[in-house]
Amino acid sequence: MTANKKMLFLPGDGIGPEVMDQVKRVMDGMAKSRAVNFDIIDGLVGGACYDAHGCAVTDETMTDAMNVDAVMLGAVGGPKWDDVARQHRPEAGLLRLRKDMDLYANLRPAIVFDALIDASTLKADVISGLDILILRELTAGVYFGEPRGIETLADGTRRGLDTQVYTEAEIERIARLAFELAGKRNGRVTSSEKANVMESGVFWREVVTNVHKDYADIELNHMYADNCAMQLVRNPKQFDVIVTDNLFGDILSDCAAMLTGSLGMLPSASLGEADESGRRRAMYEPVHGSAPDIAGEDKANPLATILSYAMCLKYSFDMTEDAAMLETAVEDVLGQGLRTPDIMSDGMTAVSTTQMGEAVVTELDKLAG
Ligand code: NAD
């Protein structure tokens with residue numbers, strides 16, 4: 001079904017290799033049941049790469065990342081590399097991948113599975129059936145704007161500063177993607193900024209409104225970011241796609257993530273610009289880190305990474321049916337009461353990382369049936 005599609009696998013550190021092994025298990029299962037095949041290149045990133053090559057990612061791996069159809073990443077980091085020089089720290093590998101691949105759009109879905117409704121701290125009726133997508137601009141804004149720094153003024157006092165800056169093109173491309181993604185979902189976009197107090201917010205709102213003229217079938221509303229944070233907790237189901245800048249997206253996506261109650265369940269995708277053929281550079285990874293406290297114990301929840309692979313099928317390969325089937329398989333194993341320790345509750349069946357991966361494959365076989 002999928003010939004000559006190339007993927008780069010970067011398991012990274014800690015639980016990264018354990019959860020990525022389960023993605024490979026799922027891929028093997030889908031190769032048999034759905035004839036879904038990819039050529040996989042294996043690579044190193046983070047501490048694992050530092051140990052082997054003295055840097056967090058090699059130029060060769062970067063070349064692979066730039067040339068494959070999609071990158072799947074586990075997680076990087078851990079106490080072992082705490083004393084390594086900053087430019088070689090595990091996170092530097094991740095940042096280089098995001099920067100060199102120009103992954104300007106970070107997609108974070110927040111989906112509440114019925115079986116896990118009790119894992120959230122919010123009331124069941126507020127979150128039941130929740131399925132929203134936060135789209136965060138990832139390569140511009142206040143985290144990158146110049147000037148920045150801590151400086152001493154002529155009178156000897158000090159100040160720290162960062163600059164929130166967005167060009168029209170930067171806002172336009174993330175807005176366009178938001179409208180396109182909403183077109184494949186429920187057709188609604190909420191754009192979030194602080195136009196009441198920030199000039200860059202006024203500009204953001206103006207550009208998003210202009211781009212919207214090309215998407216008449218999509219509903220657009222604007223919401224101040226502080227209100228958006230409040231509404232996410234009060235009534236999250238009012239949203240479909242929320243598009244926002246780097247800073248507000250950082251905060252709002254974490255807020256939305258916790259509606260689902262569990263770090264081990266949260267997938268993400270980071271996308272670059274599409275070329276003439278519609279191909280985008282893309283990297284898929286779970287939201288969680290390398291969880292050194294449970295690494296090597298076969299205890300990690302692999303579902304965030306498996307769901308990241310489902311996003312990869314959807315966004316890089318347009319295989320929506322296979323992606324939906326994988327999501328259903330995950331939902332079904334949860335429905336059967338299987339739980340890794342992080343999502344365990346009374347009356348459920350405890351399983352290891354490996355057993356959870358195997359259960360997803362068994363369920364996929366049944367669905368493909
Ligand atoms: P973390 O996400 O690794 O862990 C936080 C807590 O959640 C831990 O108790 C951990 O056991 C648990 N947890 C996380 N993922 C889990 C899973 N799949 N299944 C079960 N439990 C899970 O965050 P942290 O402890 O702040 O950071 C640990 C290391 O990971 C640090 O070195 C940090 O820099 C790195 N990190 C990497 C990424 C990334 O690679 N994208 C993201 C965040 C943190």
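Up top is the structure.
Rules of the game
Residues numbered from 1 in each chain as written. Predicted model: local features only at pLDDT ≥ 70, side-chain atom pairs only at ≥ 80, totals over all residues. Heavy atoms only, no water. Salt bridge = Lys/Arg side-chain N within 4 Å of Asp/Glu carboxyl O. Helix = DSSP H or I, 4+ residues; strand = E, 2+ residues; numbered from the N terminus. Near = heavy atom within 4 Å. Polar contact = N/O pair within 3.5 Å; in protein donor to acceptor, adjacent residues only side chain to side chain. Areas by Shrake-Rupley, 256 points an atom, 1.4 Å probe, with all protein chains shown as cover. Buried < 20%, exposed > 50% of the residue type's maximum accessible area, 1.4 Å probe, protein only. Contact = heavy atoms within 4.5 Å. Pairing = 2+ DSSP bridges. Axes fitted to C-alpha atoms, helices over the stretch in contact; angles between N-to-C directions. Core = buried A, V, L, I, M, F, W, Y, C linked by side-chain atoms within 4.5 Å. Domains from an automatic or database assignment. Parallel < 35°, antiparallel > 145°, perpendicular 65-115°, else oblique. Left-handed = near helix turned anticlockwise from the far one by under 90°. Nonpolar A, V, L, I, M, F, W, Y, C, P; charged D, E, K, R; others polar.

1. Considering the pattern of salt bridges
Thinking step 1. The final tally for this structure, using the stated rule, is 23 salt bridges.
Thinking step 2. Across the pair R185 and D131 runs a salt bridge, and its minimum N-O distance is 3.4 Å. In this pair, R185 sits in the loop between α6 (168-183) and β8 (188-193) while D131 sits in strand β5 (residues 131-137), placing the two residues 54 residues apart along the sequence.
Thinking step 3. Note that D240 and R185 form a salt bridge whose closest N and O atoms lie 2.9 Å from each other. Of this pair, D240 sits in the loop between α8 (225-234) and β10 (241-244) while R185 is found in the loop between α6 and β8, placing the two residues 55 residues apart along the sequence.
Thinking step 4. Beyond isolated ion pairs, a larger network of salt bridges with shared partners links D59, R96 and D100.

2. Here's the deal with the site of the ligand
Thinking step 1. The environment of the ligand is formed by 20 residues, the closest being V76, G289, A291, D293 and N301.
Thinking step 2. Within the side chain of H288, one N or O atom sits 3.2 Å away from a nitrogen atom of the ligand.
Thinking step 3. Coverage of the ligand by the protein chains reaches 66% of its 800 Å² of free accessible surface.

3. Some thoughts on the side chain of H288
Thinking step 1. For H288, the position within the fold is in the loop between β12 (280-286) and α10 (303-315).
Thinking step 2. Under the relative-accessibility criterion, H288 is labelled buried at 9%.
Thinking step 3. With residues near it in sequence (within four places) discarded, H288 still touches I15, A75, L263, G264, N301, A304 and T305.

4. Some details on the sheet that holds β10
Thinking step 1. In space, the 10 strands of this open sheet follow the order β2-β1-β3-β12-β11-β4-β5-β10-β8-β9, with mixed pairing throughout. Both edges of this open sheet fall to β2 (39-42) and β9 (219-224), since each of them pairs with a single strand only. Within this sheet the neighbouring strands show an average axis-to-axis angle of 20 degrees, counted without direction.
Thinking step 2. Sheet topology places β8 next to β9; 6 bridges connect them, and they run parallel. What sits directly across from V189, in β9, is L220.

5. Digging into the nonpolar core
It is characteristic of soluble globular proteins that their nonpolar side chains tend to be buried jointly.
Thinking step 1. The biggest cluster of nonpolar side chains holds 68 residues, and the ones touching the most others in it are M7, L135, Y309, L326 and V360.
Thinking step 2. Two domains each donate at least three residues to this core, and these are domain 1 (1-107 + 265-369) and domain 2 (131-259).
Thinking step 3. In this view, L135 contacts A105, N106, L107, I174, L177, A178, L181, V241, I242, V243 and T244; residues no more than four positions away in its chain are not counted.
Thinking step 4. Of all hydrophobic cores here, the second largest spans 19 residues; its members include I127, L130, A225 and L259.

6. Side note on the packing of α10 against helix α11 (residues 320-335)
Each pair of packed helices can be described by the angle between their axes along with the distance between the axes.
Thinking step 1. Contact geometry of α10 with α11 gives a least axis separation of 7 Å together with a crossing angle of 160 degrees. Put simply, α10 runs roughly antiparallel to α11. Considering only the axes of α10 and α11, their crossing is left-handed. Counted together, L303, I306, L307, Y309, A310, L313 and K314 of α10 and T320, D322, A323, L326, E327, V330 and L334 of α11 form the full contact between these two elements.
Thinking step 2. Among the residues forming the contact of α10 with α11, the class breakdown is 10 nonpolar, 1 polar and 3 charged.

Just geometry here; none of it tells us what the structure is for.
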